[in-house]
Amino acid sequence: MSYFTFILSLLNPVYALIFSITGIIKRSSNYLVLSSFALAFALISFSIKPFVELDLYRHYIRIENLLGLPFSKVLDTTDTGYLLFDIYAWLIINLGFPKQIFTASIIFISYMLVLSVYKDIKSNYLQHVRLSTIAVSFLIFWLSIDFVLLSSGIRSIFSNIIVFYVSYYLIFNSRFLLFIFGVILAFFIHPGSLVPSLLISVAILSHRIINKPKIFVIIGLVLIVGSSIVYNIIEFISSYLVGFSFYSPAYLSQDNTSSGAGSLQARNLNGIFGDFIIARLPGYIAFFYLLLLKNRSKDPLYLTLCLGVLYLGLFFQYFTIYERFNSFFVLLFSLFIILEYSREPNNFNKLFIIFFSSSLVIYSIFNLFRYYSYLSSAVEVLYKPLLLIVFNI
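Residues numbered from 1 in each chain as written. Predicted model: local features only at pLDDT ≥ 70, side-chain atom pairs only at ≥ 80, totals over all residues. Heavy atoms only, no water.

### As for the overall build of the protein
Right, so step 1: Tallying secondary structure elements over the protein gives 21 helices and zero strands in all.
Right, so step 2: The C-alpha radius of gyration of the protein comes to 21 Å, within 12% of the 21 Å expected for a compact globule of 393 residues.
Right, so step 3: Considered along the principal axes of its C-alpha atoms, the protein spans approximately 60 × 55 × 45 Å.
Right, so step 4: Looking at the protein as a whole, 55% of its 393 residues are labelled buried.
Right, so step 5: Considering only intrachain contacts with a sequence separation of at least 6, the fraction spanning at least 24 residues in the protein is 73%.
Right, so step 6: Looking at the protein as shown, the accessible area adds up to about 17,800 Å², and 68% of this sits on carbon and sulfur atoms. (Helix = DSSP H or I, 4+ residues; strand = E, 2+ residues; numbered from the N terminus. Rg over C-alpha atoms; globule rule 2.2 N^0.38 Å. Buried < 20%, exposed > 50% of the residue type's maximum accessible area, 1.4 Å probe, protein only. Contact = heavy atoms within 4.5 Å. Areas by Shrake-Rupley, 256 points an atom, 1.4 Å probe, with all protein chains shown as cover.)

Spelled out as structure tokens, the structure:
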């Protein structure tokens, strides 16, 4: 069946989705069905026509401007956060491939990295659970990727997914060299990935000496409650951060972003509901789970999440900074809660599995309506074979 699914996905991966999902939620699945699933979302991203206000629109202009440039000039003029972006984009555009290959290939790799972690978790920790639990685990991993955010922004979420992937193998398999390579790679894709990389590193180095990590969750929630005061303090010290490559004053700006602005202070009701309630709902469920869960000592995954709550609480009022790290936090929590339920399938874990997966579904449905015009621009995937789309026939 996996070969049939893969061959069908080469014709039109969207039509093969149902077969891909059926293969993925079995107790044993191979990389062919994972590839078929990832290819469907890669094709959708290839077909999307981005709006002018999205990062993807600017990325395509940047890629087009690389056409015909000497490689040496690309290296001379690029920024740290665009180094690997420009090298890869230069290769694609100057080899004659359409610029959409850039987006599609990154989407494909992103899904494969996350699904590879899911496959490993399923093989090592979910063999004794019911198939319904495996299916829900897949749903959680799938929806934690946030296709809209990944396809429209590319760099930040992709770099976070790389850090997530190498962090998993660092924590569970002690793959230190892979982690070092991955975080360096992620940094040159987007410097914002330095935040999750540092939190993972701190957790690995200190998880044996920090016995009560929950204190960070409590402090983070206190910061959220007092976020107005925190906001004023951050505004005061933000000028000292300008010199760092991972920071841009635009992150704290009250200009530009949709539905109001970059901070809670300047958002209208639509922006508050969409960006500070629905988009963050999975994170809120995670906060309460970590607050109610008993303290875990000597657990770097748990410690990283607790530190993540502290970070998100500190920057709660800021849309851009919060959003960039929240994508990593939700992925990491997805891994954590699935493992917790597999180890202790009690009512507490079951209830939060339901809450968390439901919050992801709610957010995904909200995105379907909010970004309907963006997603519907890829309507040709419903009636055109893959090759006709790629070669624009």
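### Description of helix α2 (residues 17–24)
Counting along an α-helix, one turn takes 3.6 residues, and residues three or four places apart therefore face a common direction.
Right, so step 1: Those residues of α2 that fall on the buried side of the exposure criterion are L17, S20, G23 and I24. Looking straight down α2, one finds that the buried residues subtend no more than 125 degrees of arc, so they occupy a single side.
Right, so step 2: Residues of α2 that are buried make contact with α1 (2–11), α3 (31–47), α7 (100–125) and α8 (131–144). (Arc of directions from axis to C-beta.)

### Here we look at the packing of helix α6 (residues 83–94) against α7
Right, so step 1: Between α6 and α7, the least distance of the axes is 9 Å, while the angle of their chain directions is 125 degrees. By the angle class used here, α6 and α7 are oblique. α6 and α7 meet at a crossing whose hand is right-handed. Two secondary-structure elements touch here, α6 through F85, Y88, A89 and I92 and α7 through I101, F102, S105 and I106.
Right, so step 2: Among the residues forming the contact of α6 with α7, the class breakdown is seven nonpolar, one polar and no charged. (Axes fitted to C-alpha atoms, helices over the stretch in contact; angles between N-to-C directions. Parallel < 35°, antiparallel > 145°, perpendicular 65-115°, else oblique. Left-handed = near helix turned anticlockwise from the far one by under 90°. Nonpolar A, V, L, I, M, F, W, Y, C, P; charged D, E, K, R; others polar.)

### Concerning the side chain of N160
Right, so step 1: Along the chain, N160 falls in helix α10 (residues 155–173).
Right, so step 2: Under the relative-accessibility criterion, N160 is labelled buried at 2%.
Right, so step 3: A polar contact is formed between the side chain of N160 and the backbone oxygen of R324, at a distance of 2.5 Å.
Right, so step 4: In this view, N160 contacts S193, P196, R324, S327 and F328; residues no more than four positions away in its chain are not counted. (Polar contact = N/O pair within 3.5 Å; in protein donor to acceptor, adjacent residues only side chain to side chain.)

### Concerning unusual backbone geometry
Right, so step 1: Of note in the backbone geometry, D146 takes a positive phi value of approximately 60 degrees without being a glycine.
Right, so step 2: Looking at the secondary structure, you find D146 in the loop between α8 and α9 (147–153).
Right, so step 3: Notably, S174 is not glycine yet its phi reads approximately 55 degrees, a positive angle.
Right, so step 4: On the secondary structure map, S174 appears in the loop between α10 and α11 (176–189).

### Section: the environment of L301
Right, so step 1: Locating L301 in the fold gives a position in helix α17 (residues 300–314).
Right, so step 2: Residues L301 and S167, spaced 134 residues apart in sequence, show a C-alpha to C-alpha distance of 9.0 Å.

### Considerations on α11
Right, so step 1: Between its terminal C-alpha atoms α11 stretches 20 Å, which fits the 20 Å expected from 14 residues at 1.5 Å a residue.
Right, so step 2: Of all the positions in α11, only F179, G182, V183, A186, F187 and I189 are classed as buried. Along the long axis of α11, the arc covered by the buried residues comes to 155 degrees, so they all point the same way. Of the residues in α11, the exposed ones pointing more than 90 degrees away from the buried face are L177 and F181.
Right, so step 3: In this structure, the buried side of α11 is in contact with α6, α10 and α12 (194–206). (Expected span 1.5 Å × (residues − 1).)

### A few points about the packing of aromatic side chains
Right, so step 1: Tallying each qualifying case throughout the model produces 38 aromatic pairs.
Right, so step 2: Note on Y284 and F316: the rings are 6.5 Å apart at their centroids and 40 degrees apart in plane angle, and the pair reads as tilted. Of this pair, Y284 sits in helix α16 (residues 281–292) while F316 sits in the loop between α17 and α18 (319–343), and the two are 32 residues apart along the sequence. Each member of the pair, Y284 as well as F316, is classed as buried. (Phe/Tyr/Trp six-rings, centres within 6.5 Å; stacked < 30°, edge-to-face > 60°.)

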